[in-house]
Amino acid sequence: MELSKYIKSESVELNRSAIHFADYNPRKLSDESRKTLKRGIKKFGLVGGIVVNKRTGLTVVSGHQRLSVMDELQKFPDNDYRIRVDVIDVDEQQEKELNILMNNPNAQGTWDFDALARIVPDIDWKDAGLTDADLNMIGVDYLLQTEEENSIADALSDMMVPVSEQKEADKAAKQLERAEKVAHMKEVKHQVKENAQKQAENMDAYVMLSFDTYEAKAAFCERFGYEPDMKFIKGEVFDEQVERID
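Along each chain, the written sequence defines residue order, and numbers are assigned to residues from 1. Local features in this predicted model are restricted to residues of pLDDT 70 or higher, and side-chain atom pairs are both shown and tallied only at a pLDDT of 80 or more, whereas totals for entire chains, interfaces and linings draw on every residue. Side-chain figures throughout are based on the complete set of non-hydrogen atoms in the structure, without hydrogens or water.

**Points about the side chain of Arg 16**
Line of reasoning, step 1. Note on conventions: DSSP H or I runs of at least 4 residues are helices, E runs of at least 2 residues are strands, and numbering of each starts at the N terminus. Along the chain, Arg 16 turns up in the loop between strand E1 (10–15) and helix H1 (31–44).
Line of reasoning, step 2. For this analysis, residues touch if any pair of their heavy atoms sits within 4.5 Å. Residues contacting Arg 16, with those up to four places away along its chain left out, are Phe 21, Leu 67, Asp 71, Phe 76, Asp 80, Tyr 81 and Ile 83.

Quick look at the structure:
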């Protein structure tokens, strides 16, 4: 039987130093994702081809992240190890198009969450590259996969009840203390404001009289029983004089 006409690559073995990364590669890998990929390669090996383009000097088209993890594991460049790659022969434009296509989620499938949920209990989901967030999304409670685990989890939950209750009590106490401090500060501010208002009122509790001549001033003072040379008269004394006149 002849090979399919759609097979455009050739699998060959090369020294790692013979191939190089594409400097335009738009893909990136977070530290957490890199740890997941490294964990998978250490467990399963390098499964799936790394694609390089012969026409541009064996530039990596697909597999940059896997190759970078392999370099770390093999201690490249100190160790120039042998690696199997799939070689293609295309121009630079097609190379870039393939670089995007082979890593583009739009050209890949999506999860059937129901089917995935049925598989998860049978596998080590971390080795499969799944995360806690993935399991929550597909509705899998990975902590409760067996009856025994259910029992243990329930027991742990019961043991944690007093701790949770104490934490809630401590939280409520702190909130109450905070509320009391806020209320006290509000009361202090209110008292300060009232005192300031009273001081302002007291500062206005005086009147200044001006006379055109000393004789006019003396006549006024004699009218109310004061010495003509007095410069200041207490309000209480003035009130008593007015009452006697009335």
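**Structural notes on the nonpolar core**
Line of reasoning, step 1. By size, the foremost hydrophobic cluster in this structure holds 14 residues, and its most contacted members are Ile 19, Ile 50, Val 52, Leu 58, Leu 67, Ile 83 and Val 85.
Line of reasoning, step 2. Listing elements by their share of this core, those giving two or more residues are helix H2 (64–74) and strand E4 (82–88).
Line of reasoning, step 3. Those residues in contact with Val 52, other than ones at most four positions away along the chain, are Ile 19, Leu 58, Thr 59, Val 60, Val 61, Val 85, Asp 86, Val 87 and Ile 88.
Line of reasoning, step 4. Formed by 7 residues, the second largest nonpolar core is a distinct cluster that contains Leu 116, Val 120, Leu 130 and Ile 138. Among buried residues, those of type Ala, Val, Leu, Ile, Met, Phe, Trp, Tyr and Cys that are joined through side-chain atoms within 4.5 Å constitute a nonpolar core. We call a residue buried when its accessible area falls under 20% of the maximum for its residue type, exposed when it is over 50%, and partly exposed in between, using a 1.4 Å probe and counting protein chains only.

**What about the sheet that holds E4?**
Line of reasoning, step 1. Pairing between strands is defined by DSSP: at least two bridges between the two strands are required. Here 4 strands make up an open sheet; going across it, the order is E1-E4-E2-E3 and the pairing mixed. Each edge of the open sheet is held by one strand with a lone partner, namely E1 and strand E3 (59–62). For this sheet, the mean angle separating the axes of adjacent strands, direction not counted, is 50°.
Line of reasoning, step 2. Relative to E4, E1 is paired through 6 bridges, and the arrangement is antiparallel. Note on E4: the bridge partner recorded for Glu 13 is Arg 84. Fitted lines through C-alpha atoms serve as axes, helices being fitted only where they are in contact, and the angles separating the N-to-C directions of these axes extend from 0 to 180 degrees.

**Description of the pattern of salt bridges**
Line of reasoning, step 1. Between Lys or Arg on one side and Asp or Glu on the other, a salt bridge is scored when a side-chain nitrogen of the former is within 4 Å of a carboxyl oxygen of the latter. The tally for this structure, following the rule as stated, stands at 9 salt bridges.
Line of reasoning, step 2. A salt bridge links Lys 43 to Asp 127, with the nearest nitrogen and oxygen atoms 2.4 Å apart. Of this pair, Lys 43 sits in helix H1 while Asp 127 is found in the loop between helix H4 (113–119) and helix H5 (132–138), placing the two residues 84 residues apart along the sequence.
Line of reasoning, step 3. Residue Asp 127 is classed as buried on the basis of its relative accessible area of 13%.
Line of reasoning, step 4. Across the salt bridge formed by Arg 55 and Asp 89, the nearest N and O atoms sit 2.9 Å from each other. One end of the pair, Arg 55, is in the loop between strand E2 (51–53) and E3; the other, Asp 89, is in the loop between E4 and helix H3 (92–101), with 34 residues separating them in the sequence.
Line of reasoning, step 5. A residue is classified by how much of its surface remains accessible, and Asp 89, at 44% relative accessible area, is partly exposed.

**Looking at the environment of Asn 25**
Line of reasoning, step 1. Assignment of secondary structure puts Asn 25 in the loop between E1 and H1.
Line of reasoning, step 2. With a relative accessible area of 18%, Asn 25 lands in the buried category.
Line of reasoning, step 3. Considered as a pair, Asn 25 and Ile 100 are 75 residues apart in the sequence and their alpha carbons are 8.5 Å apart.
Line of reasoning, step 4. Here Asn 25 is in contact with His 64, Gln 65 and Asn 99, once residues within four sequence places are set aside.

**Some details on the pairing of E3**
Along any regular strand the residues' side chains alternate between the sheet's two faces.
Line of reasoning, step 1. Pairing geometry for E2 and E3, over 3 bridges, is antiparallel. Considered in E3, the bridge of Val 52 is made with Val 60.
Line of reasoning, step 2. Remark: 5 residues form the turn of the hairpin made by E2 and E3, two consecutive strands paired antiparallel; Gly 57 in that turn has positive phi of roughly 80°.

**Some words on the environment of Ala 216**
Line of reasoning, step 1. With respect to the helices, strands and loops of the structure, Ala 216 is situated in helix H7 (residues 214–223).
Line of reasoning, step 2. Ala 216 sits 12 residues away from Pro 228 along the chain, and the two C-alpha atoms are 9.6 Å apart.

**Re the side chain of Lys 217**
Line of reasoning, step 1. Tracing the sequence through the fold places Lys 217 in helix H7.
Line of reasoning, step 2. Despite its burial, Lys 217 pairs with no opposite charge, the nearest such side chain being Asp 229 at 5.7 Å.
Line of reasoning, step 3. Residues within four places of Lys 217 in sequence aside, it is in contact with Phe 211, Pro 228, Asp 229 and Met 230. Charge convention: Lys and Arg are scored as positive, Asp and Glu as negative, and His as well as the terminal groups of each chain are ignored.

**Quick word on the packing of aromatic side chains**
Line of reasoning, step 1. Each Phe, Tyr or Trp ring, with Trp reduced to its six-membered ring, pairs with another whose centre is within 6.5 Å; inter-plane angles below 30 degrees give stacked pairs, above 60 give edge-to-face pairs, and intermediate values give tilted ones. If you walk through the whole model with that rule in mind, you get 2 aromatic pairs.
Line of reasoning, step 2. Their ring planes at 85° and their centres at 6.2 Å tell us that Phe 76 and Tyr 81 sit as a pair that is edge-to-face.
Line of reasoning, step 3. When its relative accessible area of 6% is taken as the criterion, Tyr 81 is described as buried.
Line of reasoning, step 4. Pairing Phe 211 with Phe 220 gives two aromatic rings, centres 5.4 Å apart and planes at 45°, and the pair type is tilted.
Line of reasoning, step 5. The exposure class assigned to Phe 220 is partly exposed, which follows from its relative accessible area of 23%.
Line of reasoning, step 6. By definition, being over a ring means that NZ of Lys or CZ of Arg is both within 6 Å of the ring centre and within 35 degrees of the ring normal. Note that Lys 96 overlies the ring of Tyr 24, its terminal NZ or CZ placed 5.2 Å from the centroid.

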